[in-house]
Amino acid sequence: SQELEQSPQSLIVQEGKNLTINCTSSKTLYGLYWYKQKYGEGLIFLMMLQKGGEEKSHEKITAKLDEKKQQSSLHITASQPSHAGIYLCGADRYGNKLVFGAGTILRVKS
Amino acid sequence: SQTIHQWPATLVQPVGSPLSLECTVEGTSNPNLYWYRQAAGRGLQLLFYSVGIGQISSEVPQNLSASRPQDRQFILSSKKLLLSDSGFYLCAWNSSPGQGFDEQYFGPGTRLTVT
């Protein structure tokens, strides 16, 4: 199994609906990163969480870190077609190296 | 501002042929540089990272090698490609280590298909 498990693997939501993507680590989380990727393109940095209980928001995307549960969640409010893509979580391991989850594919229906 | 370039964008190569992918970073000095591979349905796998010219660390044994001939240039190579080398290769950079957590910034990627 992977060190970072993302759920769901994919989801389709109606435009305007809220959604949550989860990232669970099998090891202690010291730093958690969220990226977005359009198919066939590079990754775009969204947010970084460092402390347990930390919560950050950017536009309609909010990410939280639950250190005790070794889990992070990404919540999108009032989804739009522009939110469609692949969302990846990455965990900081040793020496600034990241391990990534397999990604969550998000499709937004208009 | 910093930018990261990858070349080529797409590549189709026969099995057994050599490979050279290039990554260059502009607007920063002494970056950490990383090569990742993304296979279908899987997350990114770190292949190599470099903290300076000529300093390369390999994360997984494989058919590939990396070099850093200049401060802002990172090259991924192979002498003989295998079918299993197909994938999407991403280069990334961030600031020098020891400064806490620094997000990595990714290039646009190179789609490699080995036939």
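In case you missed it, the structure is sitting above this.
Being a predicted model, the structure only gives us computed values, none of them experimental.

*Asks:* Before we go on, may I ask you to explain the nonpolar core in this structure?
*Replies:* Among soluble globular proteins, nonpolar side chains are generally buried collectively. Counting 22 residues, the largest nonpolar core has L19, L32, W34, L74, Y87 and L106 of chain A as the members making the most contacts within it. Elements supplying a minimum of two residues to this core: β2 (10-14), β3 (19-25), β4 (32-37), β5 (43-49), β7 (61-66), β8 (71-76), β9 (85-92) and β11 (104-109) of chain A. Listed in part, the 20 residues of the second largest apolar core include L19, V25, F48 and Y89 of chain B.

*Asks:* I'm lost on the pattern of salt bridges in this one. Help?
*Replies:* Note on pairing: side chains with opposite charge can pair once their charged atoms come close. All names here are of chain A. With the rule as written, the count across this model stands at five salt bridges over all chains. Linking K27 and E3 is a salt bridge whose minimum nitrogen-to-oxygen distance equals 3.9 Å. A residue pair is termed long-range when its members are at least 10 positions apart, and K27 in the loop between β3 and β4 and E3 in the segment before β1 (4-7) qualify at 24 residues. What makes K27 partly exposed here is its relative accessible area of 45%. K56 is the salt-bridge partner of E54, the closest N and O atoms lying 3.7 Å from each other.

*Asks:* Looking at this model, I keep getting lost on the interface of chain B and chain A. Mind explaining?
*Replies:* On the side of chain A, 23 residues touch chain B, which itself brings 25 residues to the contact. In this assembly, chain B packs against chain A so that about 1800 Å² is buried in total across both faces, 55% of it on carbon and sulfur atoms. At the junction of chain B with chain A, the criterion picks out three residue pairs in polar contact (both at pLDDT 80 or more). Among the elements of the structure, β4 (32-38), β5 (44-52) and β9 (87-94) of chain B are those that each provide at least two residues to the side of chain B that touches chain A. When residues of the side of chain B that touches chain A are assigned to their parent elements, the largest contribution, four residues, is made by β4 of chain B. Taken together, the residues that form the side of chain B that touches chain A break down as eleven nonpolar, nine polar and five charged.

*Asks:* Explanation requested: the sheet that holds strand β8 (residues 73-78) of chain B in the structure shown.
*Replies:* In a beta sheet, neighbouring strands pair by backbone hydrogen bonds and run either parallel or antiparallel. Residue and element names in this part refer to chain B. Spatially, four strands are ordered β1-β3-β8-β7 in an open sheet, and the strand pairing comes out antiparallel. Edge positions in the sheet fall to β1 (3-7) and β7 (65-70), since each has one partner strand and no second. Each strand of the sheet is rotated relative to its neighbour by a mean of 20°, with strand direction disregarded. Strand direction decides the pairing type here: strand β3 (residues 19-26) and β8, joined by six bridges, are antiparallel. Directly across from E22, in β8, lies its bridge partner I75.

*Asks:* Would you take a moment to explain the side chain of T104 of chain A for this structure?
*Replies:* All names here are of chain A. As for its placement among the helices and strands, T104 is situated in strand β11. On the accessibility criterion, T104 (0% relative accessible area) is buried. Here the side chain of T104 touches Q6 through a polar contact of 3.3 Å, side chain to side chain.

*Asks:* Looking at this structure, I do not really get the state of the cysteines. What am I missing?
*Replies:* One way to say it: the disulfide is the covalent bond shared by the sulfur atoms of two cysteines. Enumeration according to the criterion identifies two disulfides over all chains in this entry. Shown here is the disulfide that connects C23 of chain A with C89 of chain A, its sulfur atoms set 2.0 Å apart. Linking C23 of chain A and C89 of chain A, the disulfide has an S-S dihedral of approximately 75° and is accordingly described as right-handed. Placement of the pair is C23 of chain A in strand β3 and C89 of chain A in strand β9, with a sequence separation of 66 residues. With a relative accessible area of 1%, C23 of chain A lands in the buried category. Through a disulfide, C23 of chain B is tied to C91 of chain B; the S-S separation comes to 2.0 Å. Classification of the bridge connecting C23 of chain B and C91 of chain B rests on its S-S torsion, roughly -75°, and on that basis the disulfide is left-handed. Taken as a pair, C23 of chain B in strand β3 and C91 of chain B in strand β9 lie far apart in primary sequence, 68 residues in all. Residue C23 of chain B shares its accessibility class with C91 of chain B, and that shared class is buried.

About the criteria used
Residues numbered from 1 in each chain as written. Chains lettered and ligands numbered in written order. Predicted model: local features only at pLDDT ≥ 70, side-chain atom pairs only at ≥ 80, totals over all residues. Heavy atoms only, no water. Core = buried A, V, L, I, M, F, W, Y, C linked by side-chain atoms within 4.5 Å. Buried < 20%, exposed > 50% of the residue type's maximum accessible area, 1.4 Å probe, protein only. Helix = DSSP H or I, 4+ residues; strand = E, 2+ residues; numbered from the N terminus. Salt bridge = Lys/Arg side-chain N within 4 Å of Asp/Glu carboxyl O. Contact = heavy atoms within 4.5 Å. Buried area = accessible area lost by both parts, 1.4 Å probe. Polar contact = N/O pair within 3.5 Å; in protein donor to acceptor, adjacent residues only side chain to side chain. Nonpolar A, V, L, I, M, F, W, Y, C, P; charged D, E, K, R; others polar. Pairing = 2+ DSSP bridges. Axes fitted to C-alpha atoms, helices over the stretch in contact; angles between N-to-C directions. Disulfide = S-S within 2.5 Å.

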